[in-house]
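# Reading the structure
Here is how the chains run, residue by residue.
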Amino acid sequence: MEERPKLPATMLLRLTSLKELFGGFAHEIAQPLNAIIIAAQVIQLKLQQTSLPHEDMDFFMQRLDLVTSQVQRATEIVERLRRFNQDSPSPALRNDLPAVCERLFDLMRQQFVARGIDVIWKSEHPEPPSPVDPVLAEGVIVQALAFVRDTVQALGVWHDKSKIPFKKSVTATRKTLNGHPAIRLEWQRGEYPPREYPLDPDLQPGLLVARSVVISTGGTVEVNVDSLTLTFPPQE
């Protein structure tokens, strides 16, 4: 990919503003979620004190359990996003590339599932050394996953229109390349025309920014028609 101009000031302003707004959103949404859980638990206690038939009792209790579990899941997602929004990763994620990958894919997993994309994570042994800057790694991995997600989705749409069976799948491998910690994301192309990109990587702002930042620190972002490889600066 060729170097591109920096993002316009208005877009940078919008991104930094969204970061500030999300911090407040995460705090505000936590309160009603907690209230819903407490209300569901109170209703369960009240039901246990009634003389409802056993069948009706089970019906209501199961659905209240479902409400509680889904609200807890929403709370966990908001908390993960809040932690990602922080300027510094938690101490547990420092110098731990596998943990960074697991955390970010956990946040984005549903985006792949909703599109019917299977993702398999692998690791070459021994584990590659961790990136120097986990904040950098987080931002770059998010943009890489988003690009691969959209690319595979585009491949699926092309195959559907062409009425050709196609399995949407991605293999993500942590490895070491020339002493650099790296992640390679590879996807199936099916019958899509060779040497053509479903999505032009030079027109993806997030990926361009990630590439620029990584190159400035001594890493690389290489995009091919069926793979994307990230290499991070080696450990000092």
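The shown structure was predicted, so the numbers you read here are calculated from the model rather than taken from an experiment. (Residues numbered from 1 in each chain as written. Predicted model: local features only at pLDDT ≥ 70, side-chain atom pairs only at ≥ 80, totals over all residues. Heavy atoms only, no water.)

## What about the pairing of strand 3 (residues 180-187)?
What counts, and what does not: Classification of residues uses two cut-offs on accessible area relative to the type maximum, computed with a 1.4 Å probe and protein chains only: under 20% is buried, over 50% is exposed, and between them is partly exposed. Under the DSSP-based scheme used, a helix requires at least four consecutive residues in state H or I and a strand at least two consecutive residues in state E, with every element numbered from the N terminus. Two strands qualify as a pair provided DSSP detects at least 2 bridges between them.
Burial runs high along strand 3: 6 of the 8 residues are buried. Sheet topology places strand 2 (residues 169-177) next to strand 3; 8 bridges connect them, and they run antiparallel. Residue T173 lies in a different strand from strand 3, and its bridge partner there is R184. Joining the antiparallel neighbours strand 2 and strand 3 is a turn of 2 residues, in which N178 adopts a positive phi near 55 degrees. When strand 3 meets strand 5 (residues 227-231), the two strands line up antiparallel, connected through 5 bridges. Residue A182 lies in a different strand from strand 5, and its bridge partner there is T231.

## Points about unusual backbone geometry
With phi around 55 degrees, K163 is a residue other than glycine that occupies positive phi space. Residue position: K163 is located in the loop between helix 4 (134-161) and strand 2.

## Details of the environment of Q70
Relative to the helices and strands, Q70 resides in helix 2 (residues 54-85). Overall, the relative accessible area of 42% leaves Q70 in the partly exposed class. Separated by 33 residues in sequence, Q70 and I37 place their C-alpha atoms 9.5 Å apart.

## As for the packing of aromatic side chains
Under the convention used in this document: Within 6.5 Å between ring centres, the rings of Phe, Tyr and Trp (the latter by its six-membered ring) count as paired, and their orientation is classed by plane angle as stacked under 30 degrees, edge-to-face over 60, tilted in between.
A complete count under the given rule lists 4 aromatic pairs for this structure. Ring centres 5.9 Å apart and planes at 65 degrees place the aromatic pair F105 and W121 in the edge-to-face group. Here W121 lies in strand 1 (residues 118-123) and F105 lies in helix 3 (residues 97-113), a separation of 16 residues in the sequence. On the basis of relative accessibility, which here comes to 25%, the residue W121 falls in the partly exposed class. Ring plane angle 75 degrees and centroid distance 5.2 Å describe the contact between W158 and Y192, whose orientation is recorded as edge-to-face.

So, to be careful, I would describe these as geometric facts and stop short of saying anything about function.
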